[in-house]
Amino acid sequence: MEQRSFDRLGRHVGIIGLGAWQLGADWGEVSEDAALAVLAAAVDAGVTFLDTADVYGDGRSEALIGRFLRSRPGHGLTVATKMGRRVEQTPEAYTLDNFRAWTDRSRANLGVDTLDLVQLHCPPTAVFADDRVFDALDTLVAEGRVAGYGVSVETCDQALTAIARPGVASVQIILNAVRHKPLEQVLPAAAAAGVGIIARVPLASGLLSGRYDENTTFPANDHRTFNRHGESFDVGETFSGVDYDSGLAAVRRLAPLVGDDRTMAQFALRWILDQPGVTVVIPGARSPEQARRNAEAAGQPALTEVELAAVRATYDELIRPQVHDRW
Ligand SMILES: NC(=O)c1ccc[n+]([C@@H]2O[C@H](COP(=O)([O-])OP(=O)(O)OC[C@H]3O[C@@H](n4cnc5c(N)ncnc54)[C@H](OP(=O)(O)O)[C@@H]3O)[C@@H](O)[C@H]2O)c1
């Protein structure tokens, strides 16, 4: 698989990673055996970057990854986790003492002395402007608890503030065929600064797989049911903040472009990989087959000019008015 670099971590990773929120909770039931099978399928297909968080299943996702790592000595994987969302979201929670406690828990869950990458998990905006927070993160590096740190963000403004911080190794942001705003400033700024970009929610929570229609339902314990209007967390994390019917309309417009050589999901992943400045794309997968298919996108040809123009026009006409100024 093609490798790209996190310059500030001194690490290369395969361009398709695996998002491991699904292996924790909030996506219906995923058994332990199924979760371990997804990890194995992804890694066997060439994935070397895993994204998790301390809050996914309250540590279940991290613990399952820890089990998987122990079963693959010498694995060479890079595991990024996140911290900060197991407590009430106030800027005052982002202290060195809490960071030490949170990273100690993640180190235990993952079974490692040093976390490869820890990301602040969409913190309140005030956190981005607080020098003490970034001094504390530098201390975690100096203490050897983490090899590097980054920030997962909701908005482009937050991303730009984070990129300007000299110690930030990565920014994780929503980027997909129905979320284009990061292309304008965030990706060029990250590339210029040597900050890695981790593109999340690449399939708009599965909408861009092209498999859903007006009759599709999701389990009660799936955020695509319980967070459709942002009831539990930022609505941008569910279907990328696009209202479901508009998302279906966009997918139906793009579907005829997808040739026989790839699936709609692979088309959507390839679109992201072709955007300059992207380091790694982290589709979530609920089955080994999905994980394998997603990894395949790394070896597929780039989209043609006609395809790129169609994605742009679809976004401009159907999606931009709803989302472009929100995040
Ligand atoms: N705040 C944050 O930092 C934050 C927020 C959100 C996500 N993330 C990270 O980003 C990762 C990815 O985002 P996401 O999981 O929310 O959304 P996503 O990757 O856009 O969508 C994942 C869903 O798409 C469907 N899918 C995946 N591969 C497929 C394939 N090959 N063919 C057809 N359908 C496929 C599956 O749903 P079905 O099987 O149900 O159709 C899967 O659960 C997460 O796992 C997490 O690591 C971070």
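Source: prediction; values computed, not measured.

A. Local environment of the pairing of strand β8 (residues 168-174). Most of β8 is tucked away, with 7 of its 7 residues classed as buried. For the segment spanning strand β7 (residues 149-152), helix α6 (residues 156-163) and β8, crossover handedness is right-handed. Bridge count for β8 against strand β9 (residues 196-200) is 5 bridges, and the pairing is parallel. Across the sheet, residue isoleucine 174 finds its bridge partner in β9, namely arginine 200.

B. Local environment of the pattern of salt bridges. Enumeration over the complete set of coordinates arrives at 25 salt bridges. A salt bridge links arginine 72 to aspartate 44; the nearest nitrogen and oxygen atoms lie 2.8 Å apart. On the criterion of sequence distance, the pair formed by arginine 72 in the loop between α2 (60-71) and β5 (78-83) and aspartate 44 in helix α1 (residues 32-44) is long-range, its members being 28 residues apart. Among the salt bridges present, the one from glutamate 289 reaches arginine 292, with a minimum N-O distance of 3.7 Å. One end of the pair is glutamate 289 and the other is arginine 292, both in helix α11 (residues 288-296) and 3 residues apart, which spans about a single turn. Accessibility expressed as a relative area gives 39% for arginine 292, which makes it partly exposed.

C. Highlighting the packing of aromatic side chains. Inspection of every chain in the model, using the stated rule, returns 11 aromatic pairs. The interplanar angle of 80° and the centroid separation of 6.1 Å between the aromatic rings of tyrosine 94 and tryptophan 102 together place this pair among those described as edge-to-face. Chaining the aromatic ring pairs together yields one cluster made of Trp21, Trp27, Tyr56, Phe226 and Phe233. Positioned above the aromatic ring of tyrosine 244 is the side chain of arginine 228, whose terminal nitrogen or guanidinium carbon lies 4.6 Å from the ring centre.

D. Representation of the site of the ligand in the model. Around the ligand, the surrounding shell holds 32 residues, and the nearest of these are Asp51, Ser152, Leu203, Arg211 and Tyr212. A distance of 2.7 Å separates an oxygen atom of the ligand from a polar side-chain atom of aspartate 51. With respect to the ligand, the side chain of arginine 286 contributes an N or O atom lying 3.1 Å from an oxygen atom. Looking at the shell around the ligand, its residues break down into 13 nonpolar, 11 polar and 8 charged.

E. Representation of the side chain of aspartate 51 within the structure. By the secondary structure assignment, aspartate 51 is in strand β4 (residues 49-51). Look past the residues within four positions of aspartate 51 in its chain and what remains in contact with it is Leu18, Gly19, Ala20, Trp21, Tyr56, Ala80, Lys82, Gln119, Gln172 and Ile282.

F. Layout of the UniProt feature "domain: NADP-dependent oxidoreductase" (unreviewed entry) in the chain. Under the local residue numbering, the UniProt record ascribes the feature "domain: NADP-dependent oxidoreductase" (unreviewed entry) to residues 16-314. Secondary structure over residues 16-314 splits into 39% helix and 11% strand, and the C-alpha atoms at its two ends are 25 Å apart.

G. Structural view of helix α12 (residues 305-323). At aspartate 316, α12 shows its maximal kink, close to 50°. Taken together, the buried positions of α12 are Glu307, Leu308, Val311, Thr314, Tyr315, Ile319 and Val323.

Thresholds applied
Every chain's residues receive numbers from 1 upward, in the order its sequence appears when written. For a predicted model such as this one, the threshold for reporting local features is a pLDDT of at least 70, and the threshold for listing and counting side-chain atom pairs is 80 or more; totals across whole chains, interfaces and linings nevertheless cover every residue. To get the side-chain values, take all heavy atoms of the structure and skip hydrogens and water. Think of it in three bands: residues with accessible area under 20% of the maximum for their type are buried, residues over 50% are exposed, and the middle band is partly exposed, with areas taken using a 1.4 Å probe on protein chains only. Secondary structure counts use DSSP, requiring at least four H or I residues in a row for a helix and at least two E residues in a row for a strand, with both numbered from the N terminus. Assignment of crossover handedness uses the view with strands pointing away from the viewer, where a clockwise path from the first strand over the helix to the second indicates a right-handed crossover. Paired strands, in this sense, are two strands between which DSSP finds at least two bridges. Salt bridges, as used here, are contacts in which a Lys or Arg side-chain nitrogen is within 4 Å of a carboxyl oxygen on Asp or Glu. Between rings of Phe, Tyr and Trp, where Trp is taken as its six-membered ring, a pair exists when centres lie within 6.5 Å; planes separated by under 30 degrees are stacked, by over 60 edge-to-face, and by other angles tilted. Charge over a ring is defined by NZ of Lys or CZ of Arg lying within 6 Å of the ring centre and within 35 degrees of the ring normal. Here a residue counts as near a molecule or strand whenever at least one of its heavy atoms sits within 4 Å of it. The term polar contact refers here to a pair of N or O atoms within 3.5 Å; inside protein, the definition further demands a hydrogen-donor-capable atom paired with an acceptor-capable atom, and it admits residues adjacent in sequence only when both atoms are side-chain atoms. Three categories are distinguished: nonpolar for Ala, Val, Leu, Ile, Met, Phe, Trp, Tyr, Cys and Pro, charged for Asp, Glu, Lys and Arg, and polar for the others, with Gly belonging to the last. Residue contacts follow a heavy-atom distance rule, with two residues in contact if any of their heavy atoms lie within 4.5 Å. UniProt positions are given in the numbering used here, feature names are shortened, and annotations may be inferred rather than shown by experiment. At any given residue, the bend is defined as the angle formed between two axes, one fitted to the seven residues that end at that position and one fitted to the seven that begin there.

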